[in-house]
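Residues per chain, in single letters:
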Amino acid sequence: MMVMMTNHYHTSVLLQACIEYLNIKPDGIYVDLTFGGGGHSNLILKHLNKNGKLLAFDQDEDAQKNALKDERFTLIPQNFRFLKNYLRLYGVKKVNGILGDLGVSSHQFDEASRGFSIRFDADLDMRMNRQSSITAKKIINEYNDKQLMAIFKNYGEIINANKLVQLIISSREIEEIKTTDELKEIIKPCTPKFEGHKYLAKVFQALRIEVNQEIEALKECLTQSVELLETDGRLVFISYHSLEDRLVKNVIRTGNVEGIEEKDIVYGTSKKTFKNLTSKPILPTEEEIKKNTRARSAKLRAAIKL
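Overview of the structure. Think of each chain on its own: its residues are numbered from 1, step by step along the sequence as written. Since the coordinates come from a predicted model, pLDDT governs what is reported: local features require at least 70, and pairs of side-chain atoms require 80 or more to be given and counted, while whole-chain, interface and lining totals use all residues. Each side-chain value is worked out from all heavy atoms of the structure, with water and hydrogens disregarded.

**Digging into the packing of helix α7 (residues 145-156) against helix α10 (residues 196-211)**
- Two numbers describe how α7 lies on α10: the axes approach to 8 Å, and their chain directions differ by 105°. For the element pair α7 / α10, the angle class is roughly perpendicular. Packed against α7, whose contacting residues are Ile151, Phe152, Tyr155 and Gly156, the element α10 presents Lys202, Val203, Gln205, Ala206, Leu207, Ile209 and Glu210 at the interface.
- Of the residues belonging to the contact of α7 with α10, the class tally is 7 nonpolar, 2 polar and 2 charged. Only the contacting stretch of a helix is used when fitting its axis, a line to C-alpha atoms as for every element, and angles between N-to-C directions run 0 to 180 degrees. Elements are defined by DSSP. Helices are runs of H or I of four residues or more, strands are runs of E of two residues or more, and each kind is numbered from the N terminus. Roughly parallel means an angle under 35 degrees; roughly antiparallel means over 145; roughly perpendicular covers 65 to 115; every other angle is labelled oblique. The contact definition used throughout considers only heavy atoms, calling two residues in contact when any of these lie within 4.5 Å. Amino acids outside the nonpolar list (Ala, Val, Leu, Ile, Met, Phe, Trp, Tyr, Cys, Pro) and the charged list (Asp, Glu, Lys, Arg) are all regarded as polar, and Gly is one of them.

Listed below in structure tokens is the structure:
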């Protein structure tokens, strides 16, 4: 049976699969790294008894308004890259399960003023933490050509990144680029005619990843997760693009984000940190994609700490 939890803020993806792979112990300690609208957290709490605990992270002020009123629940208003420090602050050294749904919330896309979406004209912002000083506008107008090339190639996998960057630099020399519509108009000459939506989505994705330092934060979080999980603890992650998925796969396969296999000094065999539960990623059903088109690129991977 497929369960999908929806509220005005966000539609949780692969909800039932997350719960199944977490294999929740009623008195366990669990972490929801991406609280959002609270869909995953709500369901985790239903599987915990009075001794169980759930700690959730979200740096977005809007998400923090969704905090659950439950004495077993703690919402930490921080980026999950600070996972270990904040768990220690709450007296938690080890946990039984860690869940991360790495997608941008529906609310963030639908809130025009946030600048995440190609559908609306808005300031080039894209900050998940609105206290941060780095915005998409700052990147577009201040980064040099090499920095911009690296962002669009690495985070957007954009083939004609060179032409894209030249258009941006030529335009900003005349006038500052301030809004999403201005950016779309400037890069129109290098936007494919029949795949414009897909191309723009990649451009916006690359900027968003840089603004929020998503890849660095994920590397730090995954590295800490390995250390924080109890033996038999569960790691469950949903990723939405190849960069994220590669890091999750690396950790499950080798125990580190670089994907470097550690060998036993005596026997020369590979040291295993996790037992992989998903040799192929779990994908959303057609029914789920129909109800929530943003779920179409989701991939769930799960593992048990050995």
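**A short note on the side chain of Asp101**
- Within the fold, Asp101 resides in strand β4 (residues 95-101).
- A polar side-chain atom of Asp101 sits 2.7 Å from a polar atom in the side chain of Tyr240. A 3.5 Å cut-off defines polar contacts: any pair of N or O atoms within that distance qualifies, except that in protein one atom must be a possible hydrogen donor and the other a possible acceptor, and neighbouring residues in sequence count only when both atoms are side-chain atoms.

**Quick word on a negative patch on the surface**
- Candidate patch residues must exceed 30% relative accessible area and have no salt bridge, after which like charges are joined if within 9 Å and Val, Leu, Ile, Met, Phe, Trp or Tyr side chains if within 5 Å. Residue-level accessible areas treat just the shown protein chains as cover; the underlying method is Shrake-Rupley with a 1.4 Å probe. Criterion for a salt bridge: a side-chain nitrogen of Lys or Arg within 4 Å of a carboxyl oxygen of Asp or Glu. For this count, His and the chain ends are skipped, Lys and Arg are scored as positive, and Asp and Glu as negative. Charge placement uses NZ in Lys and CZ in Arg. For Asp and Glu, CG and CD serve respectively. Judged by side-chain charge, Asp121, Asp123, Glu175, Glu176 and Glu182 come together as a negatively charged surface patch.
- Locating Asp121 in the fold gives a position in the loop between α5 (106-110) and α6 (136-142).
- In this structure Asp121 comes out as partly exposed when scored by relative accessible area, which is 45%. Under the scheme applied here, a residue whose accessible area is under 20% of the maximum for its type counts as buried, over 50% as exposed, and between as partly exposed, the area being computed with a 1.4 Å probe on protein chains only.

**Brief notes about unusual backbone geometry**
- Despite not being glycine, Leu14 shows a phi value in the positive range, around 50°.
- Tracing the chain through its elements places Leu14 in the segment before α1 (15-22).
- Judged by its relative accessible area of 6%, Leu14 falls in the buried class.

**Considerations on a nonpolar patch on the surface**
- The grouping of Ile265, Val266 and Tyr267 at the surface amounts to a nonpolar patch, some 460 Å² of accessible area in total.
- Along the chain, the position of Tyr267 falls in the loop between α12 (242-254) and β6 (274-276).

**Side note on the pattern of salt bridges**
- For the structure on display, the rule yields 14 salt bridges.
- For Asp62, the salt bridge identified is with Lys65, shortest N-O distance 3.4 Å.
- Residue Glu220 is joined to Arg81 by a salt bridge in which the shortest nitrogen-to-oxygen separation is 2.7 Å. In this pair, Glu220 sits in helix α11 (residues 214-228) while Arg81 sits in the loop between β3 (73-76) and α4 (83-89), placing the two residues 139 residues apart along the sequence.
- Note on Glu220: relative accessible area 33%, which makes it partly exposed.
- Ionic contacts of the salt-bridge type, sharing partners, join the residues Asp62, Lys65 and Arg130 into one network.

**Structural notes on the environment of Phe204**
- Locating Phe204 in the fold gives a position in helix α10.
- Phe204 sits 92 residues away from Arg296 along the chain, and the two C-alpha atoms are 18 Å apart.

**Notes on the packing of α11 against α12**
- Two numbers describe how α11 lies on α12: the axes approach to 11 Å, and their chain directions differ by 20°. Taken as axis vectors, α11 and α12 run roughly parallel relative to one another. Crossing hand, α11 versus α12: right-handed. Counted together, Glu214, Ile215, Leu218, Lys219, Leu222 and Val226 of α11 and Leu243, Glu244, Leu247, Val248 and Val251 of α12 form the full contact between these two elements. By convention the crossing between two helices is left-handed if the near helix lies anticlockwise of the far one by an angle smaller than a right angle, and right-handed if it lies clockwise.

**A short note on the side chain of Asn212**
- Looking at the secondary structure, you find Asn212 in the loop between α10 and α11.
- At 2.9 Å, the side chain of Asn212 and the backbone oxygen of Met126 are in polar contact.
- A distance of 2.9 Å separates a polar atom in the side chain of Asn212 from the backbone oxygen of Arg208.

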